[in-house]
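Take a look at the letters that make up each chain.
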Amino acid sequence: MSLWKLEWIRLFRTKRWIALLGVYVFFGLVGPLTARYISEILESFGGGVQVVVPEPVAADGIASYVSNAAQIGLLVSVGVAAAALAFDAKPQMGVFLRTRVARTSDIIAPRYLVVTAAVVAAFTLGSVAALYESTVLMGSLPFGGWLLGTLLGCLYLAFAVAVVAAVAGKTQSVLIAATVSIGVLLLLPIVGIAPLVGEWLPSHLVGAIDSLVRGGPASDYLRASLVTMALTLGSLALAVRWAEQREL
Amino acid sequence: MMIRTTGLTKLYGTTTALDGVDLNVAPGSVYGLVGPNGAGKTTLLGVLSGLRSAGGGSIKVATEDIGVLPDTPHFDAWLTAREVVDLARVLGNHSSDVSRVDELLELSGIGEAADRSVGGFSRGMLQRLGLAATLVGDPDLVLLDEPCSALDPLGRREVLDLIARLRGEATVVFSSHILADVQEVCDTVGILRQGRLIFEGPLQELLVGTAVPHYAVRLRAPLDPVVRELQRLDWVREVTILDPEQIRVTANSLTEAERHLVAALAATGAHVVSLAPEAPSLEDVFLELVA
């Protein structure tokens, strides 16, 4: 039994993988469906009122998936990450691990990477489901744009998990780690409203796939990608530093 | 020395948790750390294990191979007992053979529960599991914080035997509120009070050197005249009637008791059935020191 195997076991025995996969794949399947039939859905609730919406295109299916994934999916991902990364939440468990490893990073690395891998895999599978269904229901999509958009979404999620790791390094509670992380991640798009700032922020990557499948230029996301990578590494460094400073 | 601290201090805000602790733990010894609640035992073990920083003073620990057992061990509920101990084995000492896992589970008395998830374990079982996980890597230094606090009498017996067996093979520092346990397995004792180490030394030295000499005297009734006569003597500190045929005489010193007690009893005309010094327990000495 190693710390890497421990993390995989945690993911499967706690059934957290089901929560991750379930939420992303569900929205990957439902998103394009609602985009395709939005007019009919609205009319059925409209009491005879005719609702006129633009004819849906395949990219709307992806947009619908992304908007749900960026909210509910992110909440679930942060919850799963906080439960794994707040390893001092029960101090006696922290004692067990901390007194047996040479560096705190030995504990954080497998937890971060396994959770990130699971979140990224779930998001990608959801994206594949959204691509397939959008194509079937509304027509083809540019594969290159979809692939790059999915990768940028994965990069954002890797950043989100790193934020959780950093916050968990400062706070011991799973609930506080999750709540503060959500707060930080929600703050970014608000900051991004300011002119010229938004395109530098990690939150800019959330909608990348929607724009890219509509033919938007990939170069729009270069700056945000670089900043996200730097912030991810910075968050992980903070996670290790803060966790090392904590006394049990 | 396996552990040597000099002037060790630790503050939590304005509260002094450790106040100039000079601790000396010899290699291969079983060192009992006792003290009332809040005396600083857990903080001291935390500092020695590196989980807490010292505020001042110096610490020298002769090994990095340290096993730590917190007072209420906790593990991921979905792991089996065997997986917990195996994880501890892999993390602690890669050269330790996998067969050591089952061996320690058996020695700790939870061999039959090896494949059960620890989520259903009682506190006593968790303590046994924690001990197995602590010892599986054969650490040079074992720090045990109240290892028997949740155990039933049988469990306590098994764990004390396990600790006693470590003598000479590893150095054990063992904090406990159960003074009888410390008296049974420890060869050296440190008594902490309000963050200060008020005594450190061999257990026998503590028991013989510090305790007030008590003598149990069994005699025929009536006791009252004897008690009154003895209470008049200036070397007698206290006379207590224990039952209708027994009194306890507490002297100011062992020497005075040895020199005068027999003669004093004879002078009262008492019908003495038996007379024996009461061996002080660690609890007696502890209560006297921390009072």
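Residues numbered from 1 in each chain as written. Chains lettered and ligands numbered in written order. Predicted model: local features only at pLDDT ≥ 70, side-chain atom pairs only at ≥ 80, totals over all residues.

Trainee: Which parts of the structure should I look at to understand the pairing of strand β10 (residues 196–202) of chain B?
Mentor: For a regular strand, the rule is simple: side chains alternate between the two faces of the sheet. Residue and element names in this part refer to chain B. As defined by bridge partners, strand β9 (residues 188–193) adjoins β10 across six bridges and the pair is classed as antiparallel. Considered in β10, the bridge of Gly190 is made with Glu200. Once β9 ends, the chain turns through two residues before running back antiparallel as β10, passing Gln194 with a positive phi of about 50°. (Pairing = 2+ DSSP bridges. Helix = DSSP H or I, 4+ residues; strand = E, 2+ residues; numbered from the N terminus.)

Trainee: How should I be thinking about the interface of chain B and chain A in this particular structure?
Mentor: Reports often express the size of an interface as the amount of accessible area lost when the parts come together. Chain B puts 22 residues into the contact, and the matching count from chain A is 17 residues. Only α1 (41–49), β6 (66–69) and α2 (81–92) of chain B provide two or more residues apiece to the side of chain B that touches chain A. Per element, the largest residue contribution to the side of chain B that touches chain A is seven residues, and it comes from α2(B). Classifying every residue of the side of chain B that touches chain A gives 12 nonpolar, six polar and four charged. (Contact = placed C-beta atoms within 7 Å. Nonpolar A, V, L, I, M, F, W, Y, C, P; charged D, E, K, R; others polar.)

Trainee: Just checking my understanding: could you explain the nonpolar core for this structure?
Mentor: The nonpolar side chains of a soluble globular protein tend to be buried, and buried together. Of all hydrophobic cores here, the largest spans 72 residues; its most connected members are Val84(B), Val85(B), Leu129(B), Ala132(B), Leu143(B), Val172(B) and Phe174(B). Taken domain by domain, the makeup of this core includes at least three residues from each of domain 1 (3–208) and domain 2 (212–290) of chain B. With residues up to four places along the chain from it excluded, the contact list for Val85(B) reads Val101(B), Leu104(B), Leu105(B), Ala132(B), Ala133(B) and Val136(B). Core analysis: the second largest hydrophobic core is formed by 70 residues, Leu85(A), Phe87(A), Ala160(A) and Val206(A) among them. (Core = buried A, V, L, I, M, F, W, Y, C linked by C-beta atoms within 7 Å. Buried ≥ 20, exposed ≤ 12 C-beta atoms within 10 Å, placed from the backbone. Domains from an automatic or database assignment.)

Trainee: What exactly am I supposed to notice about the confidence of the model for chain B here?
Mentor: Per-chain confidence: chain B averages 87 in pLDDT, with 95% of residues scoring 70 or above. When pLDDT is averaged over each element of chain B, strand β7 (residues 141–145) of chain B comes out on top at 93 and helix α7 (residues 203–210) of chain B at the bottom at 68. (pLDDT = per-residue confidence, 0-100.)

Trainee: Looking at this model, I keep getting lost on unusual backbone geometry. Mind explaining?
Mentor: Note: most peptide bonds trans; most residues except glycine with negative phi. Residue and element names in this part refer to chain B. The residue after Ala221, namely Pro222, is reached through a cis peptide bond having omega 5°. With respect to the element layout, Pro222 can be found in the loop between β11 (214–219) and α8 (224–231). A positive phi angle, close to 50°, is found at Glu146, a residue other than glycine. Summarising the element assignment, Glu146 is placed in the loop between β7 and α5 (153–166).

Trainee: Whenever I open this one, the sheet that holds β7(B) confuses me. Can you help?
Mentor: By definition, the strands of a sheet pair up through backbone hydrogen bonds, in either a parallel or an antiparallel sense. Residues and elements named next belong to chain B. Judged by pairing direction, the sheet is mixed, and its six strands sit side by side in the order β6-β7-β8-β4-β9-β10 without closing on themselves. For this open sheet the edge positions go to β6 and β10, each flanked by a neighbour on one side alone. Taking the axes of each pair of neighbouring strands and ignoring which way they run, one obtains an average angle of 15° across the sheet. For β6 and β7, the ladder comprises four bridges, and the chain directions are parallel. (Axes fitted to C-alpha atoms, helices over the stretch in contact; angles between N-to-C directions.)

Trainee: Is there a simple way to think about the sheet that holds β11(B) in this case?
Mentor: Residue and element names in this part refer to chain B. Sheet architecture is open: four strands sit in the order β12-β13-β11-β14, paired in antiparallel fashion. The open sheet terminates on both sides in strands that have one partner only, identified here as β12 (236–243) and β14 (272–278). Each adjacent strand pair in this sheet contributes to an overall mean axis angle of 20°, direction not counted. Note: β11 against strand β13 (residues 246–251), five bridges, orientation antiparallel. Each residue of the ladder has a partner; that of Arg218, found in β13, is Gln246. On top of the sheet, α8 reaches β11, β12 and β13; it is set at about 165° to β12, its chief contact.

Trainee: Explain the packing of helix α6 (residues 105–138) of chain A against helix α10 (residues 222–245) of chain A here, please?
Mentor: Any two packed helices are characterised by how steeply their axes cross, that is the angle between the axes, and by the distance between the axes. All names here are of chain A. Where α6 meets α10, the axes come as close as 10 Å, and the angle between the chain directions of the two elements is 140°. One finds that α6 runs oblique with respect to α10. Our pair here, α6 against α10, has a crossing hand that is right-handed. Mapping the contact onto sequence places Ser105, Ile108 and Tyr112 in α6 and Leu236, Ala239, Val240 and Ala243 in α10. When its residues are assigned to classes, the contact of α6 with α10 shows six nonpolar, one polar and no charged. (Parallel < 35°, antiparallel > 145°, perpendicular 65-115°, else oblique. Left-handed = near helix turned anticlockwise from the far one by under 90°.)

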